[in-house]
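Structural features, examined
Each chain, letter by letter, is given below.
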Amino acid sequence: MTDSKYFTTTKKGEIFELKAELNSDKKEKKKEAVKKVIASMTVGKDVSALFPDVVNCMQTDNLELKKLVYLYLMNYAKSQPDMAIMAVNTFVKDCEDPNPLIRALAVRTMGCIRVDKITEYLCEPLRKCLKDEDPYVRKTAAVCVAKLHDINAQLVEDQGFLDTLKDLISDSNPMVVANAVAALSEIAESHPNSNLLDLNPQSINKLLTALNECTEWGQIFILDCLANYTPRDDRESQSICERVTPRLSHANSAVVLSAVKVLMKFMEMLPKDLDYYGTLLKKLAPPLVTLLSAEPELQYVALRNINLIVQKRPEILKHEMKVFFVKYNDPIYVKLEKLDIMIRLASQANIAQVLAELKEYATEVDVDFVRKAVRAIGRCAIKVEQSAERCVSTLLDLIQTKVNYVVQEAIVVIKDIFRKYPNKYESVIATLCENLDSLDEPEARAAMIWIVGEYAERIDNADELLESFLEGFHDESTQVQLQLLTAIVKLFLKKPTETQELVQQVLSLATQDSDNPDLRDRGYIYWRLLSTDPVAAKEVVLAEKPLISEETDLIEPTLLEELICHIGTLASVYHKPPSAFVEGSRGVMHKRLPARTGSGEGTESPDMGNTAGGSAPEAATSIIPSQGDLLGDLLNLDMAPQTTTGPTPPTSGMQMGGMDLLGGVLDSLLGGDIGGSPAMGVGFGAAPAVMPASLSAPVGGGLGDLFDLGGGVGMPMGAYIPPKTVWLQAMKAKGLEISGTFARRAGVIQMELVLTNKAMSIMTDFAIQFNRNSFGLAPAGPLQVLTPLGPNQTIEVSLPLSTVGPVMKMDPLNNLQVAVKNNIDVFYFSCQYPISMLFVEDGKMERQVFLATWKDIPSDNESQFQIQDCHLNSEAASNKLQGSNIFTIAKRTVEGQDMLYMSIKLSNGIWVLAELKVQAGNPNYTISLKCRAPEVSQCVFQCYEAVLKN
């Protein structure tokens, strides 16, 4: 009879009977009783009252009985720690038993009893077992060290068990080696900076020797350990790859994926022109294909990993397209994953095959799968240009089926095809418009609205189509509302006479009747653009769209590198780094692929060129227009000085009465002269041929006499650089101290950092990021800390900055919030940069422009400050300020007082005008600042004070 009989009993009050049986003299009766106790424990009954009686049964030579007692002991030791101490003597005794199975059993149970009180008694037996003559005992003891380290790490270190574990890596038995590696890896994960697995070519050789002989799980531990090693050069890398390659033919899929991970990592170091590199690529394909013949759950894990591998090295599986074709009985999660990989592998060579397959999928019954298949056809068109025409005709065939969800997906992907291939397939628009009434999903409606707005000039009844959407404006989703607003503004700019009422209606709905801030903001921006400068509006709204990229859903390269290092783990299935889903600090070490030797692939700095298409022509007399509360930053326009042929257009167009909302926009759009007609500014067009009388006429007396450059301007001095200050104290950043300053050199803003390691561990993997800030400051490249920062070491780093980052108004205006990451943690601090870093080199204004702009800025925007204790004459002050891009336009002397008139231009296009009064013999200066954004005046004054006093 089997042991199942022990689980069928329903007797009550049996504890007393069991107690009597456990104390019986007969061995068989005793064993029966222990089995009954274990059965009761397994089904959840509390049998802890029998603890002393069960422990007494430990004194036996019967291995089966001993195992059962140890099982009971593991379960109840935590709830009965005082009683568990009774068992210590037996453990010590069992660790010296002649039978290696009993010695191993004792040491395994010791590791599983998580009771602080008895751990110190177990150190001596564990030490003996680690040096036991039998490898079975040694391998069990190795795992016990990791368990003990989890309970009391300090005790393990003090007893020297970690050194013994390291010695076991050189053991003659492969299973002992594998368990030692597993234990050290486990301990190293919870202590990332301990450097326990100090791998070198000798230890790697021992691991590779053990790899061939140990069990499959031992092989996985060793392969995962190898993946953390960085070879010295490509020869060592090739040697390791050659010895790991046989693991690819293993029956266990976990071993195969671990081997793939090692090879993917070490391939990074092999030169691509090496014969072995090509051989290795060919060897990687068959094992990955074999994984797809397993059951669906394993297939899914394999496909998620293959998805990463294909993004990193598509050439591995480029000839294996057919294995990713969907089978009728595949579960949906496998189908969708296969579809994704098919698109990634699509190329000119196999596109006909892929399209035929996708068209077949689009007639399936599973709605989600059909949607993904239709999208896949669109992605093929974008990826393989030669197939675009065939893809578009396939999509049109699918639209003709009139299946609602197929039509909607087709319209969404056709919008992307129009973006990729402008002026090529627009003939299909008529077919799309026929299906307008059947669209009920937000994404499809938004795509159709975009097509109507973008190609309004080709659609005769575009205004009627858009008006039909406008009727239920408030019931639409935000995505549709935003698209409808933009589309109607585009339509108005293309057909102004017919659509003025329509554009007024949508602007009113978006700004007055909507609660959505995004929609309201966009409405106001369009409104202000149209009412102040329609030509600029045309340039912005109807600008040429950049072509969309081939792969929009590729994983970001640094994340992809990290995920490749985690192939075969949960991270590779989630496509997220372990830090995103593992709680606490365990397992959150960021890994990356090694750099290719001798590749010389530097990181290219982003192009900081002028985004508005060439520099603006140099203007004659002009007035710098209102910036509208940093509106220019929102629109990301090039805020070059804008030429106007009259006074700044009135902003009354913003008032929402019954008047014409768009002021004189209609006339200017119909005027036909895009370069600049009398009703509008011409910041985007040519400079006016005729100067306005009000500005070109000589100005008699008063301000006109200011521009007497009698006292010439001498040579400028160097730019002022503030002294370095501590931004992040070591005690707040786990030993990392950061100090620094900002400088502007040759037109480039630099953040000059000093990093000091005051901790005991090495710091590596530095990176930096800024929060959104008032002037869009952002790193223009990575933080170049090329060598590890050892304890008590200091390194100076210069980080170039750009001003094209995201913008958000800060308080104070020049506040910068910074995050610095290293291998230990992420640290946050804030610092304030001198606004003089943003003063650009072309900030010297023409005299007449200065005069006209000074008059035009309202007097309410003027601020006055005192600079005290400054002992420079006017010429020295002018020279010093010019070094920081504060330019003197003119100087005049009135009753012994020098008046300097100065202009400054900030990197975001804001101009600041200044009047500095310097009295001979008086150490106090008076400065008046005028600016359309008066909030910058305080920061500019602080710069004047800092530059003149230092």
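Residues numbered from 1 in each chain as written. Predicted model: local features only at pLDDT ≥ 70, side-chain atom pairs only at ≥ 80, totals over all residues. Heavy atoms only, no water.

**Focus on the environment of V374**
With respect to the helices and strands, the residue V374 is situated in helix α22 (residues 367-383). With relative accessibility at 0%, the residue V374 sits in the buried group. For V374, the contacting residues outside a window of four places in its chain are A362, L395, L398, V406, E409, A410 and V413. (Helix = DSSP H or I, 4+ residues; strand = E, 2+ residues; numbered from the N terminus. Buried < 20%, exposed > 50% of the residue type's maximum accessible area, 1.4 Å probe, protein only. Contact = heavy atoms within 4.5 Å.)

**Describing the packing of helix α1 (residues 14-22) against helix α2 (residues 27-42)**
Put simply, α1 and α2 touch, their axes get as near as 8 Å, and they point 145° apart. With respect to the hand of their crossing, α1 and α2 are arranged in left-handed fashion. The residues of α2 that touch α1, namely those facing E14, L18, E21 and L22, are K29, K30, A33, V34, K36, V37 and S40. Class assignment of the residues belonging to the contact of α1 with α2 gives a composition of five nonpolar, one polar and five charged. (Axes fitted to C-alpha atoms, helices over the stretch in contact; angles between N-to-C directions. Left-handed = near helix turned anticlockwise from the far one by under 90°. Nonpolar A, V, L, I, M, F, W, Y, C, P; charged D, E, K, R; others polar.)

**Description of the confidence of the model for the protein chain**
A low pLDDT score tells you not to read the predicted coordinates there in detail. Mean pLDDT over the protein chain: 79, with 84% of residues reaching 70 or higher. Contacts from residues 598-661, a stretch scored under 50 in pLDDT, to residues over four places away or in other chains number 99 contacts. Below pLDDT 50 for its whole length, residues 669-715 participates in 72 contacts with residues either more than four positions away or in separate chains. (pLDDT = per-residue confidence, 0-100.)

**Observations regarding the sheet that holds strand β12 (residues 911-919)**
What links the strands of a sheet is backbone hydrogen bonding, and the strands pair in either a parallel or an antiparallel sense. Ordered in space as β9-β13-β12-β11-β10, the five strands form an open sheet in which the pairing is antiparallel. The open sheet has two edge strands, β9 (862-867) and β10 (887-894), and neither has a second partner. Sheet twist, expressed as the average angle between the axes of neighbouring strands with direction ignored, equals 20°. Where strand β11 (residues 897-905) lies against β12, nine bridges are found, and the strand directions are antiparallel. The residue bridging Q897 from the neighbouring strand is Q919, located in β12. Relative to the sheet, helix α37 (residues 847-856) contacts β9, β10, β11, β12 and β13 (925-931), its axis offset from that of β12 by approximately 95°. Each of β9, β11, β12 and β13 touches helix α39 (residues 937-949); the most contacted strand, β9, lies at about 25° to it. (Pairing = 2+ DSSP bridges.)

**Re the nonpolar core**
Ranked by size, the top nonpolar core spans 211 residues in total, and within it Y72, L126, V244, L358 and F418 carry the most contacts. By size, the runner-up hydrophobic cluster in this structure holds 64 residues, among which are M751, F865, L916 and F941. (Core = buried A, V, L, I, M, F, W, Y, C linked by side-chain atoms within 4.5 Å.)

**A few points about the sheet that holds strand β4 (residues 767-770)**
Spatially, the three strands line up as an open sheet ordered β4-β7-β8, and their pairing is antiparallel. Whereas interior strands pair on both sides, the edge strands pair on one side only; in this sheet they are β4 and β8 (826-832). The average angle at which neighbouring strand axes cross in this sheet is 25°, direction not considered. Two strands pair when backbone bridges link them, and β4 and strand β7 (residues 815-821) are joined in this way by four bridges, in the antiparallel orientation. In the sheet register, I768 faces β7, and the bridge partner there is V820.

**Comments concerning helix α17 (residues 253-267)**
Across its 15 residues, α17 extends 21 Å between first and last C-alpha, which sits within 8% of the 21 Å expected from 1.5 Å per residue. Among the 15 residues in α17, 13 count as buried, and that is most of the element. Its side-chain oxygen at 2.8 Å from the backbone nitrogen of A254, N252 defines the N-terminal cap of α17. (Expected span 1.5 Å × (residues − 1). Polar contact = N/O pair within 3.5 Å; in protein donor to acceptor, adjacent residues only side chain to side chain.)

**A few points about the packing of α22 against helix α23 (residues 388-400)**
It is the contact of α22 with α23, at a shortest axis distance of 8 Å, that shows an interaxial angle of 155°. The angle between the axes of α22 and α23 places the two elements in the roughly antiparallel class. α23 is crossed by α22, and the crossing has left-handed handedness. Across the interface between the two elements, V374, I377, C380 and A381 from α22 touch A388, C391, T394, L395 and L398 from α23. Within the contact of α22 with α23, the residues separate by chemical class into eight nonpolar, one polar and no charged. (Parallel < 35°, antiparallel > 145°, perpendicular 65-115°, else oblique.)

**Considering the pairing of β7**
Here is the key point about a regular strand: its side chains alternate between the two faces of the sheet. Taking burial as the measure, the seven residues of β7 include five buried ones, the bulk of the element. Connecting β7 to the antiparallel partner β8 that follows it, the hairpin turn spans four residues.

**Things to note about the packing of aromatic side chains**
Under the defined criterion, the tally for this structure stands at 11 aromatic pairs. A ring pair is formed by W450 and Y455, whose centres lie 6.2 Å apart and whose planes are at 85°; its orientation type is edge-to-face. By relative accessible area, which is 6% here, Y455 ends up buried. Taken together, a centroid distance of 4.8 Å and an interplanar angle of 90° make the contact between Y574 and F581 edge-to-face. The exposure class assigned to Y574 is partly exposed, which follows from its relative accessible area of 43%. A network of ring pairs unites the aromatic residues W727, F742, F829 and Y833 as a single cluster. (Phe/Tyr/Trp six-rings, centres within 6.5 Å; stacked < 30°, edge-to-face > 60°.)

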